[in-house]
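For reference, the chains in residue letters:
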Amino acid sequence: MECRRKKENQKSNSTFPDEVLERILGMLKSRKDKSTVSLVCKEWFNAERWSRRSVFIGNCYSVSPEILTRRFPNIRSVTLKGKPRFSDFNLVPANWGADIHSWLVVFAEKYPWLEELRLKRMTVTDESLEFLALKFPNFKALSLLSCDGFSTDGLASIATNCKNLTELDIQENGIEDKSGNWLSCFPDSFTSLEVLNFANLHNDVNFDALEKLVSRCKSLKTLKVNKSVTLEQLQRLIVHVPQLGELGTGSFSQELTSQQCSDLESALKNCKNLHTLSGLWVATAQYLPVLYSACTNLTFLNFSYAPLDSDGLTKLLVHCPKLQRLWVVDTVEDKGLEAVGSHCPLLEELRVFPADPFDEGIVHGVTESGFIAVSQGCPRLHYVLYFCRQMTNAAVATVVQNCPDFTHFRLCIMHPGQLDYLTQESMDEAFGAVVKTCTKLQRLAVSGYLTDLTFEYIGKYAKNLETLSVAFAGSSDWGMRCVLDGCPKLRKLEVRDCPFGNGALLSGLGKYESMRSLWMSDCNLTMNGVRLLAQEMPRLNVEVIKEESYETHQAKKVYVYRSVAGPRRDAPPFVLTL
Amino acid sequence: MFDAAMAVVKPEMKSYIWLQTVDGSIQQVEEEVAMFCPMICQEVLQTGLGSSKTYAISLPQRVNPAMLGLILDYCRFHQVPGHSNKERKTFDEKFIRMDTKKLCELTSAADSLQLKPLVDLTSRALARIIEGKTPEEIRETFHLPDDLTEDLCQEEKLEPLRNITDDPRIRLLNRLYARKRKELKERKKLKDVEVEEEPKDERSVEDLLSFINGADGDIKGTRANKNKKKNRRRKDHAKDISSENTNENDKELNPLPSAYHDVNFDNALEASASKHSRTQNLPAINFSPKFEFIDGDVDDDLDPAMKEELDREVEDFARRLNSDWPERMQILSLGQDRRLVPISMNSNGSTHLYTGFDQR
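All figures in this text were calculated on a predicted structure; none of them were measured in a lab.

**Q** I'd like a rundown of the overall build of chain B, residues and numbers included.
**A** Scanning chain B for helices and strands turns up 18 helices and 3 strands. Taking all 360 residues of chain B together, the buried fraction comes to 42%. For chain B, restricting intrachain contacts to residue pairs at least 6 apart in sequence, the fraction spanning at least 24 positions comes to 66%.

**Q** Explain the overall build of chain A to me, using residue names and the numbers behind them.
**A** Helix and strand counts for chain A stand at 21 helices and 23 strands. Burial status across chain A gives 61% buried among its 578 residues. Summarising the internal contacts of chain A: among those between residues at least 6 apart in sequence, 71% fall at separations of at least 24. Total accessible area computed for chain A in this model is approximately 21700 Å², and 49% of it derives from carbon and sulfur atoms.

**Q** Residues and numbers for the pattern of salt bridges, please.
**A** One pass over the full model with this rule turns up 34 salt bridges over all chains. A salt bridge links A:Arg23 to B:Asp111; its shortest N-O distance comes to 3.5 Å. Of this pair, A:Arg23 sits in helix H2 (residues 18-26) while B:Asp111 sits in helix H6 (residues 100-112), each in a different chain. Residue A:Arg23 is classed as partly exposed on the basis of its relative accessible area of 26%. According to the relative accessible area criterion, B:Asp111 is buried, its value standing at 13%. Among the charged side chains, a salt-bridge network with shared partners connects A:Arg23, B:Arg62, B:Asp111, B:Lys116 and B:Asp120.

**Q** Describe in detail unusual backbone geometry, supporting the description with residues and values.
**A** Residues and elements named next belong to chain A. For Phe252, which is not glycine, the phi torsion reads 60 degrees and is therefore positive. Relative to the helices and strands, Phe252 resides in the loop between strand E10 (246-248) and helix H11 (258-269). In this structure Phe252 comes out as buried when scored by relative accessible area, which is 1%. The residue Gln424 is not glycine, and still its phi comes out positive at about 60 degrees. Of note, Gln424 is situated in the loop between strand E16 (408-413) and helix H17 (428-437).

**Q** So what about helix H14 (residues 333-343) of chain A? Which residues, and what values?
**A** Listed in full, the buried residues belonging to H14(A) are A:Asp334, A:Gly336, A:Leu337, A:Ala339, A:Val340 and A:Gly341. Of the surrounding elements, those touching the buried residues of H14(A) are helix H13 (310-317), strand E13 (325-329), strand E14 (349-353), helix H15 (368-377) and strand E15 (383-388) of chain A.

**Q** How would you sum up the packing of aromatic side chains? Please name residues and give values.
**A** All names here are of chain A. One pass over the full model with this rule turns up 23 aromatic pairs over all chains. Seen from their ring centres, Phe86 and Phe89 are 5.8 Å apart, and the 70 degrees between their planes marks the pair as edge-to-face. Using a relative accessible area of 44% as the deciding quantity, one classes Phe89 as partly exposed. When the centroid spacing of 6.5 Å and the interplanar angle of 35 degrees are considered together, the rings of Tyr457 and Tyr461 count as tilted.

**Q** So what's going on with the pairing of strand E3 (residues 116-120) of chain A? Which residues, and what values?
**A** The side chains of a regular strand alternate between both faces of the sheet. Residue and element names in this part refer to chain A. Of the two faces of E3, the one lined by Leu117 and Leu119 is fully buried and the one lined by Glu116, Arg118 and Lys120 carries no buried residue. Where strand E2 (residues 77-81) lies against E3, 5 bridges are found, and the strand directions are parallel. In the strand pairing of E3, Ser77 is matched with Glu116. On the question of chirality, the crossover connecting E2 to the parallel E3 by way of helix H6 (residues 101-110) is right-handed.

**Q** Can you explain the environment of B:Thr100? Please cite residues and give values.
**A** Residue and element names in this part refer to chain B. Relative to the assigned elements, Thr100 resides in helix H6. Considering only alpha carbons, one finds Thr100 and Leu126, 26 residues apart in sequence, at a separation of 7.6 Å. When residues no more than four places from it in sequence are discounted, the contact partners of Thr100 are Leu126, Ile129, Thr141 and Phe142.

**Q** Which residues make up the sheet that holds strand E1 (residues 16-20) of chain B, and what values go with them?
**A** If you trace the 3 strands from one edge of the open sheet to the other, you get E2-E1-E3 (chain B), paired in mixed fashion. Whereas interior strands pair on both sides, the edge strands pair on one side only; in this sheet they are strand E2 (26-30) and strand E3 (57-58) of chain B.

**Q** Got a sec to walk through helix H4 (residues 65-78) of chain B? Specific residues and values, please.
**A** Residue and element names in this part refer to chain B. Between its first and last C-alpha, H4 extends 20 Å over 14 residues, near the 20 Å set by a 1.5 Å rise per residue. Turning to H4, its buried residues number three or more, namely Met67, Leu68, Ile71, Leu72, Tyr74, Cys75, Phe77 and His78. In this structure, the buried residues of H4 make contact with E1, E2, helix H2 (31-34), helix H5 (85-95), H6 and helix H7 (116-130).

**Q** Account for the confidence of the model for chain A, with residues named and values stated.
**A** Residues with a pLDDT of 70 or more make up 97% of chain A, whose mean pLDDT is 93. Across residues 1-13 of chain A the pLDDT falls below 50, and counting only partners more than four positions away or on other chains, this stretch makes 13 contacts in the model.

**Q** Break down the pairing of strand E19 (residues 492-496) of chain A for me, citing the residues and quoting the values.
**A** Residue and element names in this part refer to chain A. Most of E19 sits inside the fold, with 4 of its 5 residues counted as buried. For strand E18 (residues 467-471) and E19, the ladder comprises 5 bridges, and the chain directions are parallel. Its bridge partner lying in E19, Val470 is registered against Val495. A crossover connection joins E18 to the parallel E19 through helix H19 (residues 477-486); in handedness this β-α-β unit is right-handed.

About the criteria used
Residues numbered from 1 in each chain as written. Chains lettered and ligands numbered in written order. Predicted model: local features only at pLDDT ≥ 70, side-chain atom pairs only at ≥ 80, totals over all residues. Heavy atoms only, no water. Helix = DSSP H or I, 4+ residues; strand = E, 2+ residues; numbered from the N terminus. Buried < 20%, exposed > 50% of the residue type's maximum accessible area, 1.4 Å probe, protein only. Contact = heavy atoms within 4.5 Å. Areas by Shrake-Rupley, 256 points an atom, 1.4 Å probe, with all protein chains shown as cover. Salt bridge = Lys/Arg side-chain N within 4 Å of Asp/Glu carboxyl O. Phe/Tyr/Trp six-rings, centres within 6.5 Å; stacked < 30°, edge-to-face > 60°. Pairing = 2+ DSSP bridges. Right-handed = clockwise from strand over helix to strand, strands pointing away. Expected span 1.5 Å × (residues − 1). pLDDT = per-residue confidence, 0-100.

Structure representation (structure tokens):
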């Protein structure tokens, strides 16, 4: 290696020695800049290669561990994504793949000093977590988001063996929660923890072990506990860590005496650095006031599991003058969103989730009225995820007129094929207004009844679009073609239940190698059309998920992605690689 | 006596270090300023040099007089105790305001003198210059060669020759079908060339990996340009074939029965009338001869039903491509449609067509 580097140095045509150039490139923060400099010339390619410490892989099958370790010899931090996003909607079968273990085996040999691992939609087994805990002596940070395959036994391995652990962030996983005793596996000498998040576990935890852990980790800045932690227990934890920046409260429900209530309020008031608050799984309006004094510096409220009503939210928001990010459930209704518009002038991101997306009878939730109210009061809004039951073209046009800087616009009208409920027209003009007005738009999710006109608008105006999600929309192949032809920066296209066929698929031949992935499920694709794509583009992996027991010429689920690693080596029988 | 005391004190007020740059010039620098550089400090302590002009310290090659002047300005300011952090920060911000070339030279010189604070300062400034730029902009700013993709360009130059040599004999049903498969083979061959290069030159793989790791607009733009270029060549090729088809059609159309002519003209009109039409079925009158031809072609290992479906898909695909042509190209496209029937009549037509193509 040293010889190779010296040899390369002889060919240097720059004013820098290698170590200086590597130091300069090592100071670049963004992934985009790092990738850019590696495309400048051979010398910079090599300098970036040797200086890089962290790597992001958006699709675990786009590259193999062997290729990665050859390309970047000095990695300390790996971020890896696995299954297609539609696995969140149960469209990807169990045992599809994305197992982390083969990566860990190679890392153990090539990156023995690995410190950080951040995984999303990967399959992680307890054996893999034990392997991770034992093979990487400097390991510090583990983040598992929307992963599956492991249990609290795996967490016990991490707690037992990772002596330098600073971060354990377990969120939204399909985890087998056997018991809460994994917390007692942290050694008594362990004091380095800074982030602890087990909010989505269900079992009672060993609270004594938790309290001891929290009290001795003086650098703890993020603590997110699960439902089983009571308000009294929460208070006992908080008094140990007044330096907290992020707090997840658990259920936030319990009968308290007035003294206990006062103690909790006092403990929360003492957390002067608190900027992020989440939890309140079973919020009781009676106890919300204890939070008020802690809200002064909050920038992020994550109440995506908190069934607050509009009154509860309104009273809380009065105390949150610096709020920038807000996630709520649609139980806050339009009145709650009007309060957002009134009290949160700095808001940049709003997500409104459905409390019960399948509940047909109840008349509640948010509408275009709430959406307009937020846009009127929050001019900095640039990220929105909005689940609602009805919407109009005019309302969306008003919203983007009020907030033209959207980079992420995800509108989910919950009933497929729903019209503008006032005019009974398609929702084409709504999304036309979005792409015409929001020139910085990077991510778009469309819904409602849409014809190909929407996609003509997208192809014509959305010049910065990177990710598009489409469901139950479009009239013909033309719609998809407009998007593929017209969006130069498109990286991910996710399509389900649309009438796009082989012609649409094949119209993107010149596009897919510059995209990260294409997902099409329940469209009008045939096996022959997909085969033709695979034949034409050998550097793409073209996979069909075949769950039907009968023979059919239809290709129900198609996943296309570029890869330098070639076909998958671990495909299960129902994944056909063409 | 008083005068004598002054004389004694005066020589002791300043000590100097003598430094020599690579061009041979020697200068005298205050000791405390020069010693602020770790490399110079080491030299003085280890070798005793620097005490006189004759025994000046030789500085590394990367330190020229101009850079040395800048570095000493930096050292003069920072070696003085008592400046506040704010004052130091203000000085630094003004200090690094210079053009990129000079900033690069300064970074290199400071590194050779092991003056880490200054290297960090200038490195950070250079990193800020790099942020947000495209590879082309960075090459321009830093005067770097575009040597990463040189080999790829050369490969492209070789491609036509290779194609001509390897072009196989056309034996397919009709003009459209043949063109499509030929395009497939050509592109596959191109990919094979790249694959062959892979063991020898890892860069294309690593380049793509880097692209995948941080895929974004600017880099994708670079790649999109390549794709765009490829597409353009393909279109030109298609246009030439279409012209050839027109000529062939003019020559062969007359002997055909007028019924064929009318049917295909209607067919073409129907195709042009609906830009967004789905797969279009050929008239039955054309179907039977084609099928017969399929049965007679023992070399073809495709299943007839699969071939038929593939044929429709290829036609649909070609229509998508054709729809991108300017309006006047539609005439050629119509001609192409008319040409379908003669090809399907017999294998001689196909051979003849191939001959024509070769002559082009």
